[in-house]
Amino acid sequence: MARVSAYDDFTPLAVEATARVFVLTGAGISAESGIQTFRDAGGLWEQHRVEDVASPEGWAKDPSMVWRFYSLRRAQAATVAPNAAHTALAALEHRIGERLFLCTQNVDPLHERGGSRRVVHMHGELLKSRCERNHAAPFDDPATYPEPGDRLPRCGCGARIRPHICWFGEIPFHLDTAHEALARATLFVTIGSSGAVYPAAGFVRMAREAGARTVYVGPEAPDNASAFDECRLGRATEVVPPLFRVA
Ligand code: NAD
(Lines give C-alpha, C1' and ligand atoms only; values in the text may rest on other atoms or scores of the structure.)
Protein backbone atom coordinates (compact mmCIF):
# COMPACT_ATOMS: atom_id res chain seq x y z
CA MET A 1 0.00 0.00 0.00
CA ALA A 2 1.38 3.39 -0.94
CA ARG A 3 2.39 5.91 1.67
CA VAL A 4 0.28 8.95 0.70
CA SER A 5 1.28 12.27 2.28
CA ALA A 6 2.09 15.92 1.64
CA TYR A 7 5.31 16.22 -0.36
CA ASP A 8 7.21 17.96 2.43
CA ASP A 9 6.69 14.96 4.72
CA PHE A 10 9.24 13.11 2.55
CA THR A 11 13.00 13.46 2.17
CA PRO A 12 14.53 13.99 -1.30
CA LEU A 13 15.14 10.94 -3.50
CA ALA A 14 18.80 9.94 -3.46
CA VAL A 15 20.12 9.30 -6.97
CA GLU A 16 23.19 7.13 -6.49
CA ALA A 17 25.99 6.86 -9.06
CA THR A 18 24.55 3.63 -10.47
CA ALA A 19 20.88 4.67 -10.36
CA ARG A 20 18.72 4.52 -13.45
CA VAL A 21 15.79 6.89 -13.25
CA PHE A 22 12.63 6.54 -15.31
CA VAL A 23 10.39 9.63 -15.21
CA LEU A 24 6.92 9.48 -16.73
CA THR A 25 5.15 12.81 -17.09
CA GLY A 26 1.49 13.50 -17.81
CA ALA A 27 -0.68 16.52 -18.45
CA GLY A 28 -0.28 17.64 -14.82
CA ILE A 29 3.32 18.77 -15.31
CA SER A 30 2.19 21.28 -17.93
CA ALA A 31 -0.89 22.46 -15.99
CA GLU A 32 1.00 25.29 -14.28
CA SER A 33 2.24 26.44 -17.69
CA GLY A 34 -1.39 27.06 -18.60
CA ILE A 35 -2.18 23.92 -20.63
CA GLN A 36 -5.39 22.37 -19.39
CA THR A 37 -5.32 18.74 -18.36
CA PHE A 38 -7.79 16.36 -19.93
CA ARG A 39 -9.73 16.18 -16.65
CA ASP A 40 -9.78 19.95 -16.12
CA ALA A 41 -11.27 20.38 -19.58
CA GLY A 42 -14.04 17.95 -18.57
CA GLY A 43 -12.97 15.73 -21.49
CA LEU A 44 -14.86 18.06 -23.85
CA TRP A 45 -13.96 20.42 -26.69
CA GLU A 46 -16.72 22.62 -28.12
CA GLN A 47 -19.34 20.12 -26.90
CA HIS A 48 -17.48 17.24 -28.58
CA ARG A 49 -16.00 14.45 -26.50
CA VAL A 50 -12.23 14.63 -26.98
CA GLU A 51 -12.29 10.91 -27.82
CA ASP A 52 -14.51 11.74 -30.81
CA VAL A 53 -12.04 14.29 -32.17
CA ALA A 54 -8.73 12.71 -31.23
CA SER A 55 -9.44 9.35 -32.84
CA PRO A 56 -9.17 7.57 -36.22
CA GLU A 57 -12.99 7.64 -36.34
CA GLY A 58 -13.04 11.43 -35.85
CA TRP A 59 -10.42 11.82 -38.60
CA ALA A 60 -12.40 9.62 -41.00
CA LYS A 61 -15.60 11.53 -40.29
CA ASP A 62 -14.38 15.14 -40.24
CA PRO A 63 -10.66 15.83 -40.87
CA SER A 64 -11.26 19.60 -40.93
CA MET A 65 -12.62 19.47 -37.39
CA VAL A 66 -9.62 17.41 -36.27
CA TRP A 67 -7.20 19.93 -37.83
CA ARG A 68 -9.10 22.79 -36.20
CA PHE A 69 -8.76 21.10 -32.80
CA TYR A 70 -4.99 20.63 -33.23
CA SER A 71 -4.54 24.05 -34.86
CA LEU A 72 -5.89 25.69 -31.72
CA ARG A 73 -3.49 23.63 -29.66
CA ARG A 74 -0.58 24.56 -31.92
CA ALA A 75 -1.48 28.24 -31.61
CA GLN A 76 -1.61 27.88 -27.82
CA ALA A 77 1.76 26.07 -27.78
CA ALA A 78 3.35 29.20 -29.22
CA THR A 79 2.28 31.15 -26.14
CA VAL A 80 3.26 28.86 -23.27
CA ALA A 81 6.55 28.53 -21.42
CA PRO A 82 8.09 25.67 -19.44
CA ASN A 83 7.76 25.82 -15.68
CA ALA A 84 10.11 24.98 -12.81
CA ALA A 85 9.25 21.26 -12.99
CA HIS A 86 10.26 21.04 -16.66
CA THR A 87 13.53 22.86 -16.04
CA ALA A 88 14.30 20.74 -12.96
CA LEU A 89 14.06 17.59 -15.10
CA ALA A 90 16.36 19.18 -17.68
CA ALA A 91 18.83 19.90 -14.85
CA LEU A 92 18.60 16.25 -13.75
CA GLU A 93 19.42 15.13 -17.30
CA HIS A 94 22.37 17.49 -17.27
CA ARG A 95 23.66 15.77 -14.10
CA ILE A 96 23.05 12.10 -14.89
CA GLY A 97 22.83 12.01 -18.70
CA GLU A 98 21.47 8.83 -20.23
CA ARG A 99 20.77 7.34 -16.80
CA LEU A 100 17.61 9.42 -16.96
CA PHE A 101 14.87 8.12 -19.25
CA LEU A 102 12.28 10.88 -19.66
CA CYS A 103 9.06 9.60 -21.15
CA THR A 104 6.11 11.93 -21.58
CA GLN A 105 2.49 11.38 -22.46
CA ASN A 106 2.32 15.05 -23.34
CA VAL A 107 2.35 16.25 -26.89
CA ASP A 108 3.37 19.80 -25.96
CA PRO A 109 7.01 20.92 -26.48
CA LEU A 110 7.61 22.13 -22.91
CA HIS A 111 10.22 19.56 -21.87
CA GLU A 112 12.36 20.53 -24.86
CA ARG A 113 11.79 24.23 -24.21
CA GLY A 114 12.84 23.62 -20.61
CA GLY A 115 16.16 22.28 -21.85
CA SER A 116 15.67 18.49 -21.96
CA ARG A 117 17.53 16.91 -24.87
CA ARG A 118 16.29 13.32 -24.78
CA VAL A 119 12.51 13.19 -24.50
CA VAL A 120 10.47 10.17 -25.53
CA HIS A 121 7.04 11.34 -26.65
CA MET A 122 4.90 8.22 -26.43
CA HIS A 123 1.74 10.02 -27.59
CA GLY A 124 3.37 12.01 -30.38
CA GLU A 125 4.19 15.67 -30.79
CA LEU A 126 1.84 18.56 -31.36
CA LEU A 127 4.31 20.43 -33.58
CA LYS A 128 4.87 17.49 -35.95
CA SER A 129 2.78 16.03 -38.75
CA ARG A 130 3.05 12.93 -40.89
CA CYS A 131 1.60 11.26 -43.97
CA GLU A 132 -1.45 9.23 -42.96
CA ARG A 133 -0.05 6.35 -45.05
CA ASN A 134 3.39 6.74 -43.48
CA HIS A 135 5.12 7.58 -46.76
CA ALA A 136 7.22 10.22 -45.03
CA ALA A 137 8.76 10.34 -41.58
CA PRO A 138 7.12 12.73 -39.10
CA PHE A 139 8.31 16.27 -39.78
CA ASP A 140 8.31 19.59 -37.91
CA ASP A 141 5.09 21.43 -38.68
CA PRO A 142 3.85 24.42 -36.70
CA ALA A 143 1.23 25.29 -39.37
CA THR A 144 -2.42 25.82 -38.44
CA TYR A 145 -5.52 25.03 -40.47
CA PRO A 146 -8.14 26.80 -38.43
CA GLU A 147 -10.98 27.58 -40.82
CA PRO A 148 -13.51 25.01 -41.97
CA GLY A 149 -13.06 24.73 -45.74
CA ASP A 150 -9.32 25.53 -45.64
CA ARG A 151 -7.37 23.28 -47.96
CA LEU A 152 -5.94 20.50 -45.84
CA PRO A 153 -2.33 19.46 -46.41
CA ARG A 154 -1.43 16.49 -48.60
CA CYS A 155 1.68 14.34 -48.88
CA GLY A 156 3.50 14.01 -52.24
CA CYS A 157 1.97 10.51 -52.45
CA GLY A 158 -1.53 12.03 -52.49
CA ALA A 159 -2.55 10.90 -49.00
CA ARG A 160 -3.56 13.38 -46.35
CA ILE A 161 -1.14 14.82 -43.85
CA ARG A 162 -2.30 14.22 -40.28
CA PRO A 163 -1.13 15.41 -36.88
CA HIS A 164 1.67 13.23 -35.44
CA ILE A 165 -0.43 12.28 -32.45
CA CYS A 166 -1.31 8.91 -30.96
CA TRP A 167 -5.08 9.04 -31.02
CA PHE A 168 -7.44 7.08 -28.80
CA GLY A 169 -7.39 3.49 -30.04
CA GLU A 170 -3.91 3.78 -31.60
CA ILE A 171 -0.73 2.22 -30.31
CA PRO A 172 1.67 4.61 -28.55
CA PHE A 173 5.14 5.23 -29.96
CA HIS A 174 8.48 3.94 -28.62
CA LEU A 175 6.96 1.27 -26.36
CA ASP A 176 9.89 -1.13 -26.94
CA THR A 177 12.45 1.44 -25.79
CA ALA A 178 10.27 2.35 -22.81
CA HIS A 179 9.90 -1.29 -21.77
CA GLU A 180 13.68 -1.80 -21.93
CA ALA A 181 14.22 1.27 -19.77
CA LEU A 182 11.56 0.12 -17.28
CA ALA A 183 13.29 -3.24 -16.90
CA ARG A 184 16.54 -1.46 -15.92
CA ALA A 185 15.08 1.32 -13.76
CA THR A 186 16.01 1.55 -10.08
CA LEU A 187 13.81 4.59 -9.48
CA PHE A 188 10.48 5.23 -11.22
CA VAL A 189 8.70 8.58 -10.83
CA THR A 190 5.38 9.61 -12.35
CA ILE A 191 4.53 13.31 -12.35
CA GLY A 192 0.97 14.57 -12.97
CA SER A 193 -0.79 11.66 -14.62
CA SER A 194 -4.19 10.39 -13.52
CA GLY A 195 -3.20 6.76 -14.01
CA ALA A 196 -6.27 6.17 -16.14
CA VAL A 197 -4.73 6.03 -19.62
CA TYR A 198 -3.06 2.73 -20.56
CA PRO A 199 -0.47 1.49 -21.38
CA ALA A 200 1.35 4.34 -19.56
CA ALA A 201 -0.66 3.70 -16.39
CA GLY A 202 0.80 0.17 -16.32
CA PHE A 203 4.44 1.30 -16.40
CA VAL A 204 4.61 1.61 -12.62
CA ARG A 205 3.84 -2.09 -12.16
CA MET A 206 6.50 -3.05 -14.71
CA ALA A 207 9.09 -0.89 -12.95
CA ARG A 208 8.08 -2.33 -9.61
CA GLU A 209 8.41 -5.89 -10.85
CA ALA A 210 11.89 -4.98 -12.04
CA GLY A 211 12.72 -3.88 -8.48
CA ALA A 212 12.46 -0.09 -8.78
CA ARG A 213 11.32 2.24 -6.01
CA THR A 214 8.10 3.86 -7.28
CA VAL A 215 7.03 7.42 -6.52
CA TYR A 216 4.03 9.49 -7.63
CA VAL A 217 3.98 13.30 -7.66
CA GLY A 218 0.78 15.33 -8.03
CA PRO A 219 -1.89 17.17 -6.06
CA GLU A 220 -4.02 14.05 -5.55
CA ALA A 221 -3.38 10.31 -5.49
CA PRO A 222 -3.82 8.80 -8.99
CA ASP A 223 -6.20 5.98 -9.95
CA ASN A 224 -3.28 3.51 -9.86
CA ALA A 225 -1.97 4.76 -6.47
CA SER A 226 -1.80 1.26 -4.99
CA ALA A 227 1.06 0.39 -7.37
CA PHE A 228 3.31 3.14 -5.95
CA ASP A 229 5.49 2.97 -2.87
CA GLU A 230 4.84 6.67 -2.20
CA CYS A 231 2.48 9.39 -3.37
CA ARG A 232 4.02 12.81 -2.70
CA LEU A 233 1.12 15.24 -2.80
CA GLY A 234 1.73 18.72 -4.18
CA ARG A 235 1.99 20.75 -7.37
CA ALA A 236 4.71 19.80 -9.83
CA THR A 237 6.47 23.17 -9.55
CA GLU A 238 6.82 22.87 -5.78
CA VAL A 239 7.61 19.14 -5.56
CA VAL A 240 9.94 18.48 -8.50
CA PRO A 241 12.70 21.13 -8.15
CA PRO A 242 13.91 19.77 -4.75
CA LEU A 243 12.91 16.13 -5.47
CA PHE A 244 16.20 14.55 -6.57
CA ARG A 245 19.47 14.57 -4.62
CA VAL A 246 22.19 13.46 -7.00
CA ALA A 247 25.13 11.71 -5.29
P1 NAD B 1 -5.12 13.64 -17.04
O2 NAD B 1 -5.71 14.93 -17.49
O3 NAD B 1 -5.94 12.42 -17.08
O4 NAD B 1 -4.62 13.84 -15.54
C5 NAD B 1 -3.88 14.96 -15.15
C6 NAD B 1 -3.27 14.68 -13.79
O7 NAD B 1 -2.46 15.80 -13.46
C8 NAD B 1 -4.30 14.50 -12.68
O9 NAD B 1 -3.99 13.33 -11.95
C10 NAD B 1 -4.10 15.74 -11.80
O11 NAD B 1 -4.26 15.47 -10.43
C12 NAD B 1 -2.65 16.10 -12.10
N13 NAD B 1 -2.32 17.51 -11.91
C14 NAD B 1 -3.13 18.59 -12.05
N15 NAD B 1 -2.45 19.72 -11.76
C16 NAD B 1 -1.19 19.34 -11.43
C17 NAD B 1 -0.01 20.04 -11.02
N18 NAD B 1 0.01 21.36 -10.90
N19 NAD B 1 1.11 19.32 -10.76
C20 NAD B 1 1.11 17.96 -10.88
N21 NAD B 1 0.04 17.26 -11.25
C22 NAD B 1 -1.10 17.93 -11.53
O23 NAD B 1 -3.76 13.50 -17.84
P24 NAD B 1 -2.88 12.23 -18.24
O25 NAD B 1 -2.83 11.26 -17.12
O26 NAD B 1 -1.61 12.79 -18.77
O27 NAD B 1 -3.70 11.51 -19.41
C28 NAD B 1 -4.60 12.13 -20.31
C29 NAD B 1 -4.20 12.04 -21.78
O30 NAD B 1 -4.38 13.33 -22.41
C31 NAD B 1 -2.76 11.72 -22.01
O32 NAD B 1 -2.63 11.03 -23.20
C33 NAD B 1 -2.13 13.10 -22.13
O34 NAD B 1 -0.92 13.07 -22.84
C35 NAD B 1 -3.15 13.85 -22.91
N36 NAD B 1 -3.03 15.32 -22.65
C37 NAD B 1 -1.86 15.96 -22.94
C38 NAD B 1 -1.70 17.32 -22.64
C39 NAD B 1 -0.38 17.99 -22.96
O40 NAD B 1 0.27 17.62 -23.93
N41 NAD B 1 0.03 18.98 -22.16
C42 NAD B 1 -2.76 18.02 -22.05
C43 NAD B 1 -3.97 17.33 -21.79
C44 NAD B 1 -4.09 15.97 -22.08
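Refer to the structure printed above.
An account of the accompanying structure is given in this report. Predicted model only: the values in this text are computed from it and were never measured.

1. What about the pattern of salt bridges?
In the structure shown here, the tally under the stated rule is 11 salt bridges. Among the charged side chains, a salt-bridge network with shared partners connects Glu32, Arg235 and Glu238.

2. As for the site of the ligand
As a structural note, the neighbourhood of the ligand is formed by 26 residues, with Gln105, Asp108, Ser193, Ser194 and Glu220 the closest of them. Contacts to the ligand include serine 193, whose side-chain N or O atom sits 2.8 Å from an oxygen atom. At 2.7 Å, a side-chain N or O of serine 194 approaches an oxygen atom of the ligand. Bound to the protein, the ligand loses 88% of the 850 Å² it would expose on its own. Mapped by element, the contributors of at least two residues to the shell around the ligand are helix 1 (28–31) and strand 12 (213–218). It is helix 1 that contributes the most residues to the shell around the ligand, 3 residues altogether. Here the residues of the shell around the ligand sort into 9 nonpolar, 12 polar and 5 charged.

3. Here's the deal with the sheet that holds strand 9 (residues 139–140)
The strand order 9-8-10 describes an open sheet built from 3 strands, whose pairing is antiparallel. The sheet is open, and its two borders are formed by strand 9 and strand 10 (161–165), each paired with just one other strand. Here strand 8 (residues 124–131) runs beside strand 10; their pairing, made up of 4 bridges, is antiparallel. From the neighbouring strand, glycine 124 faces strand 10, where its bridge partner is isoleucine 165. Packed onto the sheet, helix 4 (residues 63–77) meets strand 8 and strand 10 and runs at close to 135° relative to strand 8.

4. Digging into helix 5 (residues 84–96)
Between its first and last C-alpha atoms helix 5 spans 18 Å; for 13 residues at 1.5 Å apiece the expected length is 18 Å, and the two agree. Listed in full, the buried residues belonging to helix 5 are Ala85, His86, Ala88, Leu89, Ala90, Leu92, Glu93 and Ile96. One side-chain oxygen at the N-terminal end of helix 5 lies 2.8 Å from the backbone nitrogen of alanine 85; it belongs to asparagine 83. Just beyond helix 5, the residue with positive phi is glycine 97, at close to 55°.

5. Describing the nonpolar core
Ranked by internal contacts, the top residues of the largest apolar core, which has 24 residues, are Val23, Val189, Ile191 and Phe244. Those elements that place two or more of their residues in this core are strand 2 (13–15), strand 3 (21–25), helix 5, strand 6 (100–104), strand 11 (187–191), strand 12 and helix 9 (236–239). With 5 residues, the single largest contributor to this core is helix 5. Sequence-distant contacts of isoleucine 191, that is, excluding residues within four places in its chain, are made with Val23, Leu24, Thr25, Gly26, Ile29, Leu89, Val217, Ala236 and Val240. If you look at the next biggest cluster of nonpolar residues, it comprises 23 residues, including Leu24, Cys103, Phe203 and Val204.

Parameters and conventions
- Residues numbered from 1 in each chain as written.
- Predicted model: local features only at pLDDT ≥ 70, side-chain atom pairs only at ≥ 80, totals over all residues.
- Heavy atoms only, no water.
- Salt bridge = Lys/Arg side-chain N within 4 Å of Asp/Glu carboxyl O.
- Near = heavy atom within 4 Å.
- Polar contact = N/O pair within 3.5 Å; in protein donor to acceptor, adjacent residues only side chain to side chain.
- Areas by Shrake-Rupley, 256 points an atom, 1.4 Å probe, with all protein chains shown as cover.
- Helix = DSSP H or I, 4+ residues; strand = E, 2+ residues; numbered from the N terminus.
- Nonpolar A, V, L, I, M, F, W, Y, C, P; charged D, E, K, R; others polar.
- Pairing = 2+ DSSP bridges.
- Contact = heavy atoms within 4.5 Å.
- Axes fitted to C-alpha atoms, helices over the stretch in contact; angles between N-to-C directions.
- Expected span 1.5 Å × (residues − 1).
- Buried < 20%, exposed > 50% of the residue type's maximum accessible area, 1.4 Å probe, protein only.
- Core = buried A, V, L, I, M, F, W, Y, C linked by side-chain atoms within 4.5 Å.

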